[in-house]
Amino acid sequence: MDTNVFSLRSSSVNSGLRSAFLDSVTTDRVGSKKLAQSSRRRSFGALKQSRCGTSLRVFAVDSVSKAESVVPSTVDSPETRLAAPVSPVYVPTPPNRELRTPHSGYHFDGSTRKFFEGWYFKVSIPERRQSFCFMYSVENPAFRKKLSGFEEAQYGPRFTGVGAQILGADDKYICQYTEESQNFWGSRHELMLGNTFIAHKSMRPPNKEVPPEEFNRKVLEGFQVTPLWHQGFIRDDGRTDYVDIVKTARWEYSTRPVYGWGNVSSKQKATAGWLAAFPVFEPHWQICMAGGLSTGWIEWDGERFEFQNAPSYSEKNWGGGFPRKWFWVQCNVFKGASGEVALTAAGGLRQLSGLTETFENAALIGIHYGGVFYEFVPWNGVINFEISPWGYWYMSAENETHKVELVATTEEAGTTLRAPTLEAGLAPACKDTCFGDLRLQLWERRYNGSKEKAILDVTSNMAALEVGGGPWFNPWKGKATTPEIVNRALNIPVDVEGVLGLVPLLKPPGL
């Protein structure tokens, strides 16, 4: 069947660059979601029919219903025409690339300890008010297949395998999973990974980054992703009966990183500080690319989405298991800014290392704007938050120089996603939407703690919102701080990557 092709060509994107869930998925939820999807499709119908031609300079789209009227003055002509197909250009990943963050690599050390690693890549298409979120995970890769009875008696119960999930247009979902990981590969020190679910006949699956033509020749179902390239094809495995699914997805796009995690002109930072190089506070978290611009196409549910310079994002987690409870807000598409803006904000209830069941609140807010990184973390200030079981996210924070506040809401029902869990492996554990309404405000801070000059006051209706774990019986109000001794330690400018890099054998995997 021919796919429906839609493409808005953009010469540059000036719009700013992610409990109990199954019980909430009721027939009312499905009905309201289909109604919302139908409304979004109808409101965009006129724009789809007119197609788009002349080179658009896209600043932001504050709602789909207004998309037809968002025609910046830089457009040469109001007339539209069908754009030529988008053809992304593959570039191999260079060594020592710019904007590489610490912990870009695959952290598996070969041991049999309980371990998972997960990756998240998002592309937003403001012209369609749609986003695609690609999530990959590997669990207990020391065991390439499901544990035998003898192995389970020796090591205890473990869940194994590789999963590929996509939360795509209209918050629909697809997931392909295998209990085997022998065809998974990851680079020790760079953001490069891939997996072959099914290889073409008589072909050996790749075990490293390969050109797209070679990938397509060898891989029937699978994926490969690098900082600059992402492609794949997956087929839903039929295990999901509680959300709207699509049967297959295929994609191919290139990415130009704009922000890593830090000032553009500086060495990039570890999201959790230099202690993230050690198994102290697990699970670990690293934003790999706070903002980028992606060009290519995605085939999804009978439609082909083409895009140029679409805002994109990537992050990862690794360790023994996910936090007990967490929340997350991420956005790259804003109205009201004169340059690229990227926001990532999150918090969780994580267990401290030791023999006792001791947990602490952890949270952060990170903003990139105009090449500058505004960081709010427990070791340089205080983060306050109030998160509802679903529908409302509020965070505020301040450090010595700045103050920030964000409010996000959604009326969408959300889509239940899977995450690697200690109790059930890759199982339903969180709920997301990419249709969140968000307001973000950032100020300079006076010496007395009051607000001074406003730096940002922007909004979006394309925020990615998530809650996970649990229980979520009531709103979660909390504060994230660190003891003074930890503050002092984390504020010491330790270049762990540089020090360990002097002796390659001592450099841990992933760093």
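Report follows, based on the coordinates. (Residues numbered from 1 in each chain as written. Predicted model: local features only at pLDDT ≥ 70, side-chain atom pairs only at ≥ 80, totals over all residues. Heavy atoms only, no water.)

1. Concerning the nonpolar core
If you look at the biggest cluster of nonpolar residues, it comprises 35 residues, and the most contacted ones within it are L343, I365 and L440. With 5 residues, the top contributor of residues to this core is strand β24 (residues 451-469). Grouped together as the second largest cluster of nonpolar side chains are 34 residues, I166, L193, I234 and F305 included. (Core = buried A, V, L, I, M, F, W, Y, C linked by side-chain atoms within 4.5 Å. Buried < 20%, exposed > 50% of the residue type's maximum accessible area, 1.4 Å probe, protein only. Helix = DSSP H or I, 4+ residues; strand = E, 2+ residues; numbered from the N terminus.)

2. Quick notes on unusual backbone geometry
The omega angle of the peptide bond from G470 to P471 is 5 degrees, so this bond is cis rather than trans. Turning to its location among the elements, P471 is positioned in the loop between β24 and β25 (476-480). Phi at S202 takes a positive value of approximately 65 degrees, unusual for a residue other than glycine. With respect to the secondary-structure elements, S202 resides in the loop between β9 (193-199) and α4 (212-218).

3. Some points on empty space enclosed by the protein
Summary: where empty space remains is shown by rolling a probe the size of a single water molecule over the atoms. The space that makes up the second largest cavity amounts to roughly 150 Å³. Forming the boundary of the second largest cavity are 21 residues, of which F121, T226, P227, T255 and M289 lie nearest the centre. Mapped by element, the contributors of at least two residues to the lining of the second largest cavity are β4 (116-125), β11 (229-235), β12 (248-259), β13 (284-300) and β14 (303-319). Looking at the lining of the second largest cavity residue by residue, the classes come out as 13 nonpolar, 6 polar and 2 charged. (1 Å grid on protein atoms, 1.4 Å probe; cavity = no way out; pocket = protein on both sides within 12 Å on 5 of 7 lines; lining within 4 Å. Points joined across faces, edges and corners; volume = space filled by probe spheres on them. Nonpolar A, V, L, I, M, F, W, Y, C, P; charged D, E, K, R; others polar.)

4. Some points on the side chain of K403
Counting through the fold element by element, K403 comes out in strand β21 (residues 402-409). Residue class for K403 comes out buried when judged on its relative accessible area of 14%. Within polar-contact distance, the side chain of K403 engages the side chain of E398 at 3.0 Å. Aside from chain neighbours lying at most four places away, what touches K403 is F376, A397, E398, Q441, L442, W443, R445, G449, S450 and K451. (Polar contact = N/O pair within 3.5 Å; in protein donor to acceptor, adjacent residues only side chain to side chain. Contact = heavy atoms within 4.5 Å.)

5. Side note on the environment of W229
Mapped onto the secondary structure, W229 falls in strand β11. In this structure W229 comes out as buried when scored by relative accessible area, which is 1%. With 139 residues separating them in the primary sequence, W229 and Y90 have C-alpha atoms 6.4 Å apart. Among residues more than four places away in sequence, those in contact with W229 are P88, V89, Y90, P212, Q224, E252, Y253 and S254.

6. Let's talk about the packing of aromatic side chains
For the structure shown, the criterion picks out 25 aromatic pairs. With a centroid separation of 6.2 Å and an interplanar angle of 50 degrees, the aromatic rings of F121 and Y136 are classed as tilted. In this pair, F121 sits in strand β4 while Y136 sits in strand β5 (residues 130-139), placing the two residues 15 residues apart along the sequence. Of the two residues, F121 and Y136, neither departs from the other in class, the shared state being buried. Here the aromatic cluster, defined as three or more aromatic residues joined through ring pairs, consists of Y106, F108, F115, W119 and F184. The lysine or arginine in question, R304, covers the ring of W297, its NZ or CZ lying 4.3 Å from the ring centre. Against the face of W318 rests K316, its NZ or CZ located 5.6 Å from the ring centre. (Phe/Tyr/Trp six-rings, centres within 6.5 Å; stacked < 30°, edge-to-face > 60°. Lys NZ or Arg CZ within 6 Å of the ring centre and 35° of its normal.)

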